[in-house]
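For reference, the chains in residue letters:
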Amino acid sequence: MPRVAIVGSGLGGLVTAHALTNDHNDYEVHVYEKHRASYGMDASSFWVDLEAIDGSDTDSDQGRQPSRRVRVDVPVRGFFRDYYPSLVKLYEHLDITLVPASHTISLSILSDNDPQKQPSLDTYFSHSSIQLPWLNMPFPYPRHRIGKWTTSAAICVGEWVRLGVHARWWLRQQTRNNSDTSNDSSNKTTTMASKRTETLQMFLDRHHYHPLFINTFLAPVLASICTCSLEATLQMPSSIALDFLARGIMTQQAWKVGGEKGVGLVCDKLGQHVSRWRRGVGVVSVWKHKQTDQWMVRDSEGKEEAFDIVVFATQANQAYHILRNQPSNAQPIPDGLLDTLRSFTYAPTSVLTHRQPNGFMPTDKRDWGSINVVIRENDHLVSAKKAQDSFGEPGQPMATCWMNEMMSVLAKGADLFQTVNPIIPPPSPPTTPSKSKPSRFTVPSTSPVSFARITLTPDTPRLLNQLDRYQGGTRHSQGLYFVGSYVYPGVPLLEGCVVSGVRAAGMVLQDKQKATSRKVVEWLEPDVTGWKQGHIMEWYLQGRGRQATSSRFSLFSLLFDILDYLLSLLPDEIVILAIRLWQTLFLVLYWLWAIFHVACSIIYRRP
Ligand SMILES: Cc1cc2nc3c(=O)[nH]c(=O)nc-3n(C[C@H](O)[C@H](O)[C@H](O)COP(=O)(O)OP(=O)(O)OC[C@H]3O[C@@H](n4cnc5c(N)ncnc54)[C@H](O)[C@@H]3O)c2cc1C
């Protein structure tokens with residue numbers, strides 16, 4: 001029976017393990033995970049005692065009902081159905097309960113970053129959402145504040161709506177471009193190459209998006225999702241950003257895994273048929289033995305084992321460090337592979353779980369959203385390199401999830417927050433519980449948990465195509481696979497873990513010529529067709545384009561056809577004028593709405 005070593009048990013590794021072990025036992029799968037306590041995907045999560053946070057317990061444990069607990073996922077691991085089709089299929093396949101998660105955003109500026117002083121947040125945007133089955137648009141509150149931020153809020157919402165329509169239009173054009181060029185390979189290469197080099201910033205500038213919208217709204221929101229700096233966000237390939245905007249955050253309801261165990265249950269189900277778990281055991285080195293032609297895995301306990309296949313389910317930089325340690329009896333690893341792995345760029349970030357709103361949440365509680373983004377005054381319109389920080393990663397916004405909003409089971413409990421990239425000092429450890437505000441639930445520690453996340457650059461699509469050519473191996477790396485959120489030409493999220501994991505497993509199974517009998521490959525059947533090795537970007541854009549023409553988008557398609565036609569008749573100057581008119585019209589409408597809203601609230605408040 002072929003022996004497979006999977007290095008890492010994040011979702012990428014777990015999906016690969018499941019795909020190779022579910023329904024059959026043709027492979028002996030060993031999973032190495034350097035975290036001791038749990039699966040990599042669940043390693044930072046923790047339990048909350050619901051009775052304690054409901055306040056229904058007493059200070060004495062005597063006579064207490066058996067504990068009702070819920071596991072809080074760290075990080076939050078939310079998703080949107082349209083952007084995560086494979087993740088949704090996986091959860092359905094595993095029979096996982098999914099629950100809607102609140103998805104509202106507030107944006108604030110931290111005006112005083114002096115650690116000695118009380119931090120003060122100036123909230124310039126907060127919204128509820130218009131939620132229809134197919135639409136989830138921001139609907140800002142101007143109710144308690146008409147003032148300096150009203151105009152900027154109007155510009156941001158107006159441009160957000162324009163970008164929402166624009167992104168869908170762009171996605172639809174992918175189909176057209178791809179079908180136009182599908183018979184002409186040289187033309188197609190040129191089209192793809194130009195798409196690769198256009199950054200989000202270039203796209204936004206080319207289409208005259210308002211700088212205020214770009215710098216104070218779009219970049220902070222995307223940066224908090226990608227956990228990177230504002231500057232890096234605007235350097236991501238426009239194709240990846242627009243695809244995400246078209247089928248992700250702009251119009252979609254957010255979802256989460258429900259149930260007591262959170263993503264822990266997903267991990268249990270995915271990992272149940274693994275032949276051998278090596279928890280708390282890191283892999284130090286992987287090499288192909290010159291004589292036996294087998295893959296050797298050396299672990300942190302000094303043990304060496306031989307395998308037929310090795311799947312790297314770590315981040316690219318971690319895989320690089322493991323692969324570059326080659327002993328003398330190793331066959332050479334292709335330089336191109338090591339160069340490719342080394343070239344992916346990573347940004348560190350951290351997640352802090354705490355109960356302290358001051359400095360993390362808007363000062364006025366009416367502004368609290370489920371996600372609360374804070375940028376520093378320094379980050380505003382300046383390069384990350386210039387930011388003077390005492391906490392947090394330079395240029396990276398801080399984003400605090402209000403867990404009580406995200407998880408309905410916590411709704412009645414004391415406030416619980418999860419802050420990504422805390423830019424102010426962490427709150428002091430929990431103090432003695434008080435009866436008025438129940439606090440007896442375990443927050444694991446006051447020190448933040450660290451993560452490293454890939455930063456998307458204009459070079460990322462080229463690197464992905466390059467890495468894809470090494471999947472399954474060249475002569476000296478036969479049997480080597482790479483999976484994980486980064487092995488995917490979209491925003492590095494859970495969807496990429498599923499797609500890359502199933503694809504790698506599919507390649508292993510196909511090698512054995514048994515693919516057709518494997519249920520697992522069916523999860524992605526429509527999507528993986530047409531994925532020619534080394535052409536990951538092309539596969540992705542074509543697939544997305546195909547989905548864009550599906551029935552859900554038919555109304556948009558009709559509108560876009562009309563828009564396409566009208567715009568083709570107009571010279572550029574008129575198009576720019578139309579954009580300015582739209583911005584002005586939206587500004588006027590928004591001010592009218594704000595005045596109307598405030599007037600209503602004054603009248604309503606009168607006895
Ligand atoms: C703050 C934050 C918030 C996020 N929020 C969301 C969200 O809401 N929705 C979403 O879809 N995505 C979110 N993401 C992204 C998503 O969580 C990650 O992209 C995804 O979990 C990555 O999974 P992976 O399997 O690719 O890699 P990882 O989860 O990084 O797994 C790699 C595993 O390999 C192990 N490992 C590394 N080196 C070794 C070694 N030498 N030996 C053995 N084991 C090793 C690690 O311990 C780890 O468990 C978020 C990410 C961050 C950082």
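Residues numbered from 1 in each chain as written. Predicted model: local features only at pLDDT ≥ 70, side-chain atom pairs only at ≥ 80, totals over all residues. Heavy atoms only, no water.

A word on the sheet that holds strand 2 (residues 28–33). One open sheet holds the five strands; their spatial order is 11-2-1-15-22, and the pairing between them is parallel. Both edges of this open sheet fall to strand 11 (276–279) and strand 22 (480–482), since each of them pairs with a single strand only. Strand-to-strand twist of the sheet, defined as the mean angle between neighbouring strand axes without regard to direction, takes the value 15 degrees. Pairing of strand 2 with strand 11 involves four bridges; the strand directions are parallel. The residue of strand 11 that forms the bridge with E33 is R279. (Pairing = 2+ DSSP bridges. Helix = DSSP H or I, 4+ residues; strand = E, 2+ residues; numbered from the N terminus. Axes fitted to C-alpha atoms, helices over the stretch in contact; angles between N-to-C directions.)

This part covers helix 14 (residues 460–470). With eight of its 11 residues buried, helix 14 lies for the most part within the structure. In the stretch just after helix 14, G472 is the one whose phi turns positive, near 85 degrees. (Buried < 20%, exposed > 50% of the residue type's maximum accessible area, 1.4 Å probe, protein only.)

This model, assessed by the stated rule, comprises 18 salt bridges. Note that D42 and R71 form a salt bridge whose closest N and O atoms lie 3.1 Å from each other. Here D42, found in the loop between strand 2 and strand 3 (46–49), pairs with R71, found in strand 4 (residues 69–72); they are 29 residues apart in sequence, far enough to count as distant. With a closest N to O distance of 3.4 Å, E301 and R278 form a salt bridge. On the criterion of sequence distance, the pair formed by E301 in the loop between strand 13 (295–299) and strand 14 (304–307) and R278 in strand 11 is long-range, its members being 23 residues apart. Judged by its relative accessible area of 5%, R278 is buried. The network of salt bridges with shared partners includes R3, E28, R276, R278, D299, E301, K303 and E305. (Salt bridge = Lys/Arg side-chain N within 4 Å of Asp/Glu carboxyl O.)

With that settled, consider unusual backbone geometry. A cis amide bond links V74 with the next residue in sequence, P75, at an omega value of -10 degrees. Tracing the backbone through its elements, the reader meets P75 in the loop between strand 4 and strand 5 (79–80). With phi around 60 degrees, D95 is a residue other than glycine that occupies positive phi space. Positive phi, normally seen in glycine, also occurs at D293, with a value near 65 degrees. Residue position: D293 is located in the loop between strand 12 (283–289) and strand 13.

In this structure the tally under the stated criterion is 15 aromatic pairs. Plain terms: the ring middles of Y32 and F307 are 6.3 Å apart, the flat faces sit at 80 degrees to each other, and that makes the pair edge-to-face. Of this pair, Y32 sits in strand 2 while F307 sits in strand 14; the two residues are 275 residues apart in sequence, bridging distant segments of the chain. Overall, the relative accessible area of 1% leaves Y32 in the buried class. Ring plane angle 35 degrees and centroid distance 6.1 Å describe the contact between Y209 and F213, whose orientation is recorded as tilted. Exposure class is identical for Y209 and F213. Each is buried. (Phe/Tyr/Trp six-rings, centres within 6.5 Å; stacked < 30°, edge-to-face > 60°.)

The subject of this paragraph is the sheet that holds strand 10 (residues 254–257). Across the sheet, three strands lie side by side as 5-10-6; this open sheet has antiparallel pairing. Either end of the sheet is taken by a strand with one partner, and the two such strands are strand 5 and strand 6 (98–101). Here four bridges tie strand 6 to strand 10, and the two strands are oriented antiparallel to one another. Bridge pairing in strand 10 places A101 opposite A254.

What follows covers the site of the ligand. Residues in contact with the ligand amount to 34 residues; listed here are only the nearest, E33, R77, G78, V283 and S485. Within the side chain of Q315, an N or O atom sits 3.0 Å from an oxygen atom of the ligand. With respect to the ligand, the backbone of L494 contributes an N or O atom lying 3.0 Å from an oxygen atom. In isolation the ligand exposes 1,000 Å². Once the protein is present, 88% of that is buried. Counting residues per element, the ones that place at least two in the shell around the ligand are helix 1 (11–21), strand 2, helix 11 (316–324), strand 21 (449–455) and helix 15 (494–511). Residues belonging to the shell around the ligand are distributed by class as follows: 16 nonpolar, 14 polar and four charged. (Near = heavy atom within 4 Å. Polar contact = N/O pair within 3.5 Å; in protein donor to acceptor, adjacent residues only side chain to side chain. Areas by Shrake-Rupley, 256 points an atom, 1.4 Å probe, with all protein chains shown as cover. Nonpolar A, V, L, I, M, F, W, Y, C, P; charged D, E, K, R; others polar.)

Now for helix 12 (residues 335–343). What helix 12 keeps buried is the set L337, L338, T340 and L341. Take helix 12 and look down its axis: the buried residues cluster within an arc of 160 degrees, on one side only. (Arc of directions from axis to C-beta.)

Residues I562, Y565, L566, L569, L570 and I574 make up a contiguous nonpolar surface patch of roughly 580 Å² in combined accessible area. The topology assignment puts L570 in the loop between helix 19 (554–569) and helix 20 (572–605). Residue L570 is classed as partly exposed on the basis of its relative accessible area, which comes to 37%. (Patch = residues over 30% accessible without salt bridge, like charges linked within 9 Å, V, L, I, M, F, W, Y side chains within 5 Å.)

With respect to the helices, strands and loops of the structure, H35 is situated in the loop between strand 2 and strand 3. Residues H35 and R278, 243 residues apart in the sequence, show an inter-C-alpha distance of 9.6 Å. The residues touching H35, leaving out its near neighbours within four places in the chain, are G40, A43, R279 and G280. (Contact = heavy atoms within 4.5 Å.)

Right, let's get into the UniProt feature "transmembrane region" (unreviewed entry) in the protein chain. Taking the numbering used here, the UniProt-annotated feature "transmembrane region" (unreviewed entry) corresponds to residues 582–604. Its end C-alpha atoms 32 Å apart, residues 582–604 is made of 100% helix and 0% strand. (UniProt positions renumbered as here; feature names shortened; annotations may be inferred.)

What follows deals with the packing of helix 11 against helix 12. Two elements in contact, helix 11 and helix 12, have axes whose closest approach is 7 Å; the angle formed by their N-to-C orientations is 145 degrees. The interaxial crossing formed by helix 11 with helix 12 has left-handed handedness. For the pair formed by helix 11 and helix 12, the contact residues are A316, N317, A319, Y320, L323 and R324 on the first element and L337, L338, L341 and R342 on the second. Considered class by class, the residues forming the contact of helix 11 with helix 12 number seven nonpolar, one polar and two charged. (Left-handed = near helix turned anticlockwise from the far one by under 90°.)

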